[in-house]
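The lines below spell out each chain.
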Amino acid sequence: MERKSTENIYLPEGSLIDTDMNVMYTASLRMLERAMHRGKILEGMATLCDCSDMSLRVDLGCCEGIIPKEEAQFSSEGTKDIAVITRVGKPCCFKILSIDDTQSPPKVILSRKAAQKECRENYISKLIPGDIIPCTVTHLDPFGAFVDIGCGTVSLVCVDSISVSRIFHPRDRLYPGQKIYCAVKTADKESGRIYMSLRELLGTWEENAASFSQGSCVSGIVRSIESYGIFVELAPNLAGLAELKEDISPGDSCSVYIKSIIPERMKIKLVIIDSHKKHSFSPIKYFIDTGKVKHISHWRYSPKECTKAIETVFDK
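Residues numbered from 1 in each chain as written. Predicted model: local features only at pLDDT ≥ 70, side-chain atom pairs only at ≥ 80, totals over all residues. Heavy atoms only, no water.

(A) Layout of the pairing of strand β2 (residues 55-59). Counted residue by residue, β2 has 4 buried out of 5 residues, so it is predominantly covered. Both strand β1 (residues 42-50) and β2 contribute to a ladder of 5 bridges, which runs antiparallel. The residue bridging A46 from the neighbouring strand is V58, located in β2. Where β2 and strand β3 (residues 64-67) come together, 4 bridges link them in antiparallel fashion. Each bridged residue has a counterpart across the sheet, and for V58 the counterpart in β3 is G65. The turn linking β2 back onto β3 is made up of 4 residues, and G61 within it adopts a positive phi angle of 90 degrees. (Buried < 20%, exposed > 50% of the residue type's maximum accessible area, 1.4 Å probe, protein only. Helix = DSSP H or I, 4+ residues; strand = E, 2+ residues; numbered from the N terminus. Pairing = 2+ DSSP bridges.)

So, in structure tokens, the structure goes:
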């Protein structure tokens, strides 16, 4: 398998494990010692949690490393047992604290806490609203998606920041382990809390509507049923309104006929032709080149001719 290379070491956990740098430094005890002296952040797979002391055992390739419970997480509240247990079977970032090669096998002590602390000081603390960064979805709750924004540091994407098209639960759009890009929504320097947003990267109303034309039939997903009609998602940031129809539920896939597209009212009128119960979600399509664009200052979703303004101002 071809190895990946990366320049940013403060990436979500799992991003470094297959890089040339990580493979090189974990190839031998001598290279681990060199990584320790250079203060390198590396990654290894957590294979076991020792319930006697809640330490993590990490596969380093050439040997096994140990992350003591107190070194498992950078937190002012201390490390909870569940935070250690849930790392088993997943990549862990770390810095090497010590190597005792007088033992057989050698005893290598690691610190995930030290890697997270460096990440916060050198990377996360410098983020400002509008910055676009890579994230990995860690878990989902009804109110939002939690994402790893660097070295296991978790941030929240509130459910209404995931897309313009409304969803009942983040699982309608995302799944754990998914790699996505998000924009920093707010960054509180005092508390260190950062909230992220995805919807600003998924295109404006006009950009999304340009993929559809009046008189065509396309697929969609039923998102909500109101007394005046059924909202059908055509794309994560675009929904249209269809007339009421029986035997349809939110989450159903459907085929729709586009009656009209009205930019000045930001409306798309639809007719549901057919539907079935297969659950699906629209794939994420970025309307920003996330490889080149690292910051946005302002985003307006609404067309200029529309009196209703939906926008996000990052640089205030």
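(B) Structural view of the nonpolar core. Among the nonpolar cores identified, the biggest contains 28 residues, and C135, V147, I149, L174 and M196 are the most heavily contacted of them. Contributions of two or more residues to this core are made by α4 (112-122), β6 (132-141), β7 (144-150), β9 (179-187) and β10 (194-197). Here this core takes 4 residues from β6, the largest share from any one element. When residues no more than four places from it in sequence are discounted, the contact partners of I149 are Y10, Y123, I124, I133, P134, C135, S155, I194 and M196. Core analysis: the next-biggest nonpolar cluster, separate from the first, contains 23 residues, L238, I258, I272 and I310 among them. (Core = buried A, V, L, I, M, F, W, Y, C linked by side-chain atoms within 4.5 Å. Contact = heavy atoms within 4.5 Å.)

(C) Inspection of the pattern of salt bridges at higher detail. Scanning the model with the defined rule gives 13 salt bridges in all. The salt bridge involving R57 is made with D50; its shortest N-O contact spans 3.1 Å. The shortest N-O distance in the salt bridge between E118 and K95 comes to 2.7 Å. A residue pair is termed long-range when its members are at least 10 positions apart, and E118 in helix α4 and K95 in strand β4 (residues 91-100) qualify at 23 residues. Overall, E118 belongs to the buried group, its relative accessible area being 16%. Overall, the relative accessible area of 18% leaves K95 in the buried class. (Salt bridge = Lys/Arg side-chain N within 4 Å of Asp/Glu carboxyl O.)

(D) Highlighting the sheet that holds strand β14 (residues 253-262). Taken together, the 5 strands give a closed barrel; going around it, the order is β11-β12-β13-β15-β14, and neighbouring strands pair in mixed fashion. Taking each pair of neighbouring strands and ignoring which way they run, the sheet shows an average axis angle of 50 degrees. (Axes fitted to C-alpha atoms, helices over the stretch in contact; angles between N-to-C directions.)

(E) Spotlight on the pairing of β6. As paired strands, β6 and β9 are joined by 5 bridges and run antiparallel to one another. Across the sheet, the residue bridging to I133 is C182, located in β9. One ladder, built from 5 bridges, connects β6 with β7; its direction is antiparallel. Residue pairing across strands places T136 opposite D148, the latter belonging to β7. The hairpin turn running from β6 into β7, its antiparallel successor, is 2 residues long.

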